[in-house]
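Reading the structure
Okay, here's what each chain looks like letter by letter:
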Amino acid sequence: MAISLKSPEQIKQMRHAGQLVRQALERCRAICQPGVTTAEIDAEAGKIIAENPGSVGLFKWYPTYHEGEGFPAFTCISVNDEVVHGIPGPRVIQDGDLVSVDFGVRINGWCGDSATTIMVGSVKPEHKKLCAATEYVLQLAIDNIRPGRKWSQVARLMQRHAEDLGLGVIRDFVGHGIGETMHQDPKVPNFVSRELLRNDIDLEPGLVLAVEPMCTLGTDQVRTLDDGWTVVTMDGKPAAHYEHTIAVTETGCEVLTGP
Ligand code: MG
Ligand code: MG
């Protein structure tokens, strides 16, 4: 694995990208109400690209970035039992939906990546608990990332919190290093595996990770729909997804996509 560390100047550029992502997700949240389509939510994120010359959406036409190939939208919007990689379109948001929006931007050569699950209207109490718990799992990572630790120590805390609440922890998709491109080494799982323990990640200043716990109210097993992108839970139960781009600092970490 070739893990690159970023300089303070590079992290400043990534903070800029991260803040564009944060603004876009805030705008998506503001319009995410019953009656709105997922395509309309996607268009809101697209406005951030249009308003910031030189910025590029990291998802549109991923992975080739040849127009007309790959993922067809600015955001991934995954509703209820959709876990990740949902394609925005004519689907109309309903009261009680869980809407996960994932967005990434590159500007001046550096990337930011973040996701959040929006609770629309009157959400069932158990679905609220799922979202709160998954967001807390991400917060646990933020609170525990610091130089001198290994990623497995953080991942163990994340996994334990989710599983103690009876939630499924998705195994098939994980976080990632991020920098000049969206997906860099290392892989950043939200659970401890033999593979991770064999190849643990030293948390050191300048390491920048996209940490993205995905939890479900049931199984951790998923499948991909015939559209080739949308990942859904095997049991049809809802999922939540929260992600931040996080830089390890001398004393802890900085959330580059945070407020
Ligand atoms: Mg993302
Ligand atoms: Mg990511």
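To keep things clear, this report deals only with the structure shown in the data block. (Residues numbered from 1 in each chain as written. Chains lettered and ligands numbered in written order. Predicted model: local features only at pLDDT ≥ 70, side-chain atom pairs only at ≥ 80, totals over all residues. Heavy atoms only, no water.)

1. Focus on the coordination of the magnesium ion (ligand 2)
Quick note on the threshold: Only nitrogen, oxygen and sulfur atoms qualify as donors, and only when within 2.8 Å of the metal (3.2 Å in the case of Na, K and Ca); with water excluded, sites may look incomplete. By the criteria applied, helices consist of DSSP H or I runs no shorter than four residues and strands consist of E runs no shorter than two, each listed in order from the N terminus. Each residue gets one of three labels from its accessible area relative to the maximum for its type: buried under 20%, exposed over 50%, partly exposed in between, using a 1.4 Å probe on protein chains only.
Those protein atoms acting as donors to the magnesium ion (ligand 2) are Asp 113 (OD), His 176 (NE2), Glu 212 (OE) and Glu 243 (OE), and they sit at 2.1 to 2.3 Å. Sequence spacing among the residues donating to the magnesium ion (ligand 2) works out to D-x62-H-x35-E-x30-E. A separation of 3.1 Å is found between the magnesium ion (ligand 2) and the magnesium ion (ligand 1), which are bridged by Asp 113. Here the residue Glu 212 occupies a position in the loop between β9 (208–211) and β10 (214–216), and Glu 243 occupies one in the loop between β13 (239–241) and β14 (244–248), the gap between them amounting to 31 residues. Taking the relative accessible area as the measure of exposure, Glu 243 reaches 0% and is therefore buried.

2. Some remarks on the sheet that holds strand β12 (residues 231–233)
For the record, the criterion: When DSSP finds at least two bridges between two strands, those strands are taken to pair. What counts as an axis is a line fitted to C-alpha atoms, over the stretch in contact for a helix, and the angles between N-to-C directions run from 0 to 180 degrees.
Across the sheet, which stays open at both edges, the three strands sit in the order β3-β12-β11 with antiparallel pairing between neighbours. Looking at strand neighbours, the two that pair on one side only are β3 (82–84) and β11 (222–224), the edges of this open sheet. The sheet shows a mean angle of 40° between the axes of neighbouring strands, taken without regard to direction. Direction of pairing for β3 relative to β12: antiparallel, over a ladder of two bridges. Each bridged residue has a counterpart across the sheet, and for Val 84 the counterpart in β12 is Val 231.

3. A short note on the environment of Arg 29
Rule in force here: Contact between two residues is taken to exist if any of their heavy atoms lie within 4.5 Å; hydrogens are not considered.
With respect to the helices and strands, Arg 29 occurs in helix α1 (residues 8–31). Spatially, the C-alpha atoms of Arg 29 and Thr 116 are 9.0 Å apart, while their sequence positions differ by 87 residues. Contacts of Arg 29, omitting those with residues within four sequence positions, involve Thr 116 and Ile 118.

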